[in-house]
Amino acid sequence: MADIMKVGCHLSASGGFLAMGKDAVKVGANVFQFFTRNPRGGTAKAIDPADVAAFHAFCGENGISHLLAHAPYTLNACAANERTLTFARETMADDLVRMEAVPGNLYNFHPGSHVGQGMEKGIELIAETLNMVLKPEQTTTVLLETMAGKGSEVGGRFEELRAILDRVELNDHMGVCLDTCHVHDGGYDVVNDLEGVLREFDRVIGLDRLRAIHLNDSKNPFSSHKDRHEVIGGGSLGLDAVKRIINHPLLRSLPFYLETPNELDGYAKEIALLRSMREE
Ligand code: FE
Ligand code: FE
Ligand code: ZN
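Residues numbered from 1 in each chain as written. Chains lettered and ligands numbered in written order. Predicted model: local features only at pLDDT ≥ 70, side-chain atom pairs only at ≥ 80, totals over all residues. Heavy atoms only, no water.

A. Up close: helix α4 (residues 119–133). With 15 residues, α4 ought to run about 21 Å at 1.5 Å a step, and its terminal C-alpha atoms sit 21 Å apart, in line with that. If you check which residues of α4 are buried, you get G122, I123, L125, I126, A127, T129, L130 and V133. (Helix = DSSP H or I, 4+ residues; strand = E, 2+ residues; numbered from the N terminus. Expected span 1.5 Å × (residues − 1). Buried < 20%, exposed > 50% of the residue type's maximum accessible area, 1.4 Å probe, protein only.)

Right, dumping it as structure tokens:
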């Protein structure tokens with residue numbers, strides 16, 4: 001049987017869950033990502049049980065699965081400033097409680113920036129944060145995102161993600177989200193050596209940890225450590241590399257989420273393009 005490609009994009013959460021489901025259908029998506037709250041941080045909107053119930057029914061009818069919630073960018077799980085660190089931990093704990101309204105989905109966060117404390121200390125604090133917020137009974141899988149290695153970012157190397165996972169007690173609740181723009185900017189050559197990158201991912205982290213792909217092209221050249229997303233086919237990755245990624249036997253059954261600079265109509269076109277490039 002032909003496997004149905006799981007592909008979608010980032011959607012605005014401002015109208016609630018059902019509105020996101022409807023937007024997903026509008027753009028031809030069967031998975032989607034959203035921010036748990038304003039990407040710059042702040043308080044989250046209360047979850048409306050009626051909205052969630054209607055959303056679940058809608059997802060069932062329309063074949064929508066694999067919700068990926070993205071933590072706010074301001075969340076730094078290894079901040080040096082105590083108030084910033086406390087904010088990160090409280091926000092993450094609250095997000096994970098809220099995620100249980102839509103059980104069995106994914107929660108992605110940028111591991112953090114060590115802001116001069118050093119990579120070792122950063123890794124230690126991120127693991128400590130996770131050990132504080134993960135609960136044995138949670139149904140959400142928490143994903144560390146692969147980063148471009150900009151500034152003091154943690155997670156630009158697969159070894160850094162491995163070191164975090166090794167220190168998390170409840171690490172069966174943990175996985176990794178691979179961002180194609182970030183790894184390319186970070187110096188993993190997914191254009192010319194996708195096989196080699198996947199082999200390295202498997203050797204260091206383990207492919208069983210890979211649970212989602214952020215599918216983005218990059219405005220910057222290979223190994224630039226920059227992190228600026230480009231539309232599919234419009235940047236330094238190019239369409240051929242994207243085609244190899246979405247069809248690769250080790251990746252093709254994963255959910256793909258576009259975080260490209262687009263409005264809904266642009267996303268609809270990219271999703272249609274990706275489906276047209278899918279091989280049997
Ligand atoms: Fe991200
Ligand atoms: Fe991303
Ligand atoms: Zn990015």
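Okay, back to it.
B. Representation of the packing of helix α3 (residues 82–99) against α4 within the structure. In the contact formed by α3 and α4, the axes pass within 9 Å of each other and the chain directions differ by 40°. Overall, the two elements α3 and α4 adopt an arrangement that is oblique. In this structure, α3 meets α4 at a crossing whose hand is right-handed. Side by side, α3 and α4 meet where L85, R89, M92, A93 and L96 of the first sit next to L125, E128, T129, L130, M132 and V133 of the second. (Axes fitted to C-alpha atoms, helices over the stretch in contact; angles between N-to-C directions. Parallel < 35°, antiparallel > 145°, perpendicular 65-115°, else oblique. Left-handed = near helix turned anticlockwise from the far one by under 90°. Contact = heavy atoms within 4.5 Å.)

C. Representation of the coordination of the zinc ion (ligand 3) in the model. For the zinc ion (ligand 3), the full set of protein donor atoms is H182 (NE2), D227 (OD) and H229 (NE2), at a range of 1.9 to 2.3 Å. For the zinc ion (ligand 3), all donor residues lie on one chain, and their spacing in sequence is H-x44-D-x1-H. A separation of 5.1 Å is found between the zinc ion (ligand 3) and the iron ion (ligand 1). Highlighted residues: H182 in helix α6 (residues 180–185) and H229 in strand β11 (residues 229–230), separated in sequence by 47 residues. In terms of burial, H182 and H229 fall into one category: buried. (Donors = N, O, S within 2.8 Å, 3.2 Å for Na, K, Ca; no water.)

D. Local environment of the nonpolar core. If you look at the biggest cluster of nonpolar residues, it comprises 78 residues, and the most contacted ones within it are F109, L130, L215 and L274. Per-element accounting of this core gives the leading share, six residues, to α4. Filtering out sequence-adjacent residues up to four positions away, F109 remains in contact with A71, L75, A77, M92, I126, L130, V142, L143, L144 and E145. The next biggest cluster of nonpolar side chains, apart from the first, holds seven residues, and it includes V31, L143, A212 and Y257. (Core = buried A, V, L, I, M, F, W, Y, C linked by side-chain atoms within 4.5 Å.)

E. Quick look at the coordination of the iron ion (ligand 1). On the protein side, the iron ion (ligand 1) has H70 (NE2), H110 (NE2) and E145 (OE) as donor atoms, found 2.1 to 2.3 Å from it. The metal-metal distance between the iron ion (ligand 1) and the iron ion (ligand 2) is 3.2 Å, with E145 serving as a donor to both. Here the residue H70 occupies a position in strand β3 (residues 67–70), and E145 occupies one in strand β6 (residues 141–145), the gap between them amounting to 75 residues. Assigned by exposure class, H70 and E145 land together as buried.

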